[in-house]
Amino acid sequence: PVVEKPGGVRVDGEQVTVMQMAMNLFPDEETPNLRFCHRLDFATSGVLCMARSKEAATAVYRIFEERTATKRYIAVCYGHILQDHLRIETPIADYPH
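Everything numeric here is computed off the predicted structure, so don't read it as measured data. Residue indices begin from 1 for each chain and proceed along its sequence in written order. Given that the model is predicted, a residue must reach a pLDDT of at least 70 before its local features are reported, and side-chain atom pairs must reach 80 or more before they are shown or counted; all residues, however, enter totals for whole chains, interfaces and linings. Excluded from the side-chain calculation are hydrogens and water; included are all heavy atoms of the structure.

Colleague: How should I be thinking about the overall build of the protein chain in this particular structure?
Modeller: Scanning the protein chain for helices and strands turns up two helices and three strands. Numbered from the N terminus, helices here are DSSP runs of H or I no shorter than four residues, and strands are runs of E no shorter than two. Mapped in sequence order, the helices and strands of the protein chain form the string β-α-β-β-α. Throughout this description, buried means an accessible area under 20% of the type-specific maximum (1.4 Å probe, protein chains only), exposed means over 50%, and partly exposed covers the range between. Looking at the 97 residues of the protein chain, the share that counts as buried comes to 16%. Contacts are residue-level and defined by heavy atoms, with any inter-residue pair within 4.5 Å sufficient. For the protein chain, restricting intrachain contacts to residue pairs at least 6 apart in sequence, the fraction spanning at least 24 positions comes to 45%. Shrake-Rupley sampling with a 1.4 Å probe provides the accessible areas, and residues are treated as covered by the protein chains on show and by no other component. Counting every atom, the protein chain has about 8500 Å² of accessible surface; 52% of that belongs to carbon and sulfur.

Now the structure itself:
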């Protein structure tokens, strides 16, 4: 499964978490077996890959760890953009610590 993580929501912990949201989305799953394949920072929104077994989670985790996963981001822009597509290789904003 893939779940959307809003910014400001923890992946795990004592408050409302992505794991709790996933358990609500997939009530028929054996939730103790659901595992995250990677992490997102607390302030970051995005999608999280989950696996139904330890073996699958380990395999997908390696892909992220080895940085062989291909990631594509879509941005909503305001104004007039001249290019049909572009590549940004610098941080868009500082990460608030």
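Colleague: I tried to follow a nonpolar patch on the surface on my own but got confused; where do I start?
Modeller: Candidates for patches are residues over 30% relative accessible area with no salt bridge; among them, like charges are joined within 9 Å and nonpolar side chains (Val, Leu, Ile, Met, Phe, Trp, Tyr) within 5 Å. What makes a salt bridge here is a side-chain nitrogen of Lys or Arg within 4 Å of a carboxyl oxygen of Asp or Glu, nothing more. A cluster of nonpolar residues, Ile81, Leu86 and Ile88, forms a patch on the protein surface that exposes about 290 Å² of accessible area. Here Ile88 lies in the segment after α2 (54-65). Looking at Ile88, the relative accessible area reads 53%, which means it is exposed.

Colleague: What is the right way to look at the environment of Val47 in this model?
Modeller: Tracing the backbone shows Val47 in strand β3 (residues 46-51). Apart from residues no more than four positions distant in its own chain, Val47 is found in contact with Val2, Val3, Glu4, His38 and Leu40.

Colleague: Explanation requested: the sheet that holds strand β1 (residues 2-5) in the structure shown.
Modeller: The strands making up a sheet associate through hydrogen bonds between their backbones, and the pairing can be parallel or antiparallel. The rule for pairing is simple: two strands pair if DSSP sees at least two bridges between them. Taking strand neighbours across the sheet as the criterion, the three strands line up as β1-β3-β2 in an open arrangement whose pairing is antiparallel. The open sheet terminates on both sides in strands that have one partner only, identified here as β1 and β2 (35-36). Bridging between β2 and β3 involves two bridges; their strand directions are antiparallel. The residue of β3 that forms the bridge with Arg35 is Ala51. Helix α1 (residues 18-25) rests against β1, β2 and β3 of the sheet, and its axis sits at about 135° to β1. Between N-to-C directions, angles span 0 to 180 degrees; the directions come from axes that are lines fitted to C-alpha atoms, helices contributing only their stretch in contact.

Colleague: What's the story with the nonpolar core in this structure? I'm lost.
Modeller: For soluble globular proteins, nonpolar side chains are generally found buried alongside one another. In terms of nonpolar packing, the biggest core is built from nine residues, these being Val3, Val9, Val11, Val18, Met19, Ala22, Leu34, Leu48 and Met50. If you list the elements that add at least two residues to this core, you get α1 and β3. In terms of residue count, α1 provides more of this core than any other element does, three residues in total. Every residue in contact with Val18, bar those within four places of it in the chain, is listed here: Val3, Lys5, Val9, Arg10, Val11, Phe36 and Leu48. Among the buried residues, those of types Ala, Val, Leu, Ile, Met, Phe, Trp, Tyr and Cys that are joined through side-chain atoms within 4.5 Å form a nonpolar core.

Colleague: Help me understand unusual backbone geometry in this model?
Modeller: Negative phi characterises most residues that are not glycine, and trans characterises most peptide bonds. A positive phi angle, near 60°, is found at Arg67, a position not held by glycine. Mapped onto the fold, Arg67 is located in the segment after α2. Of the residues examined, Arg67 reaches a relative accessible area of 74% and is grouped as exposed.

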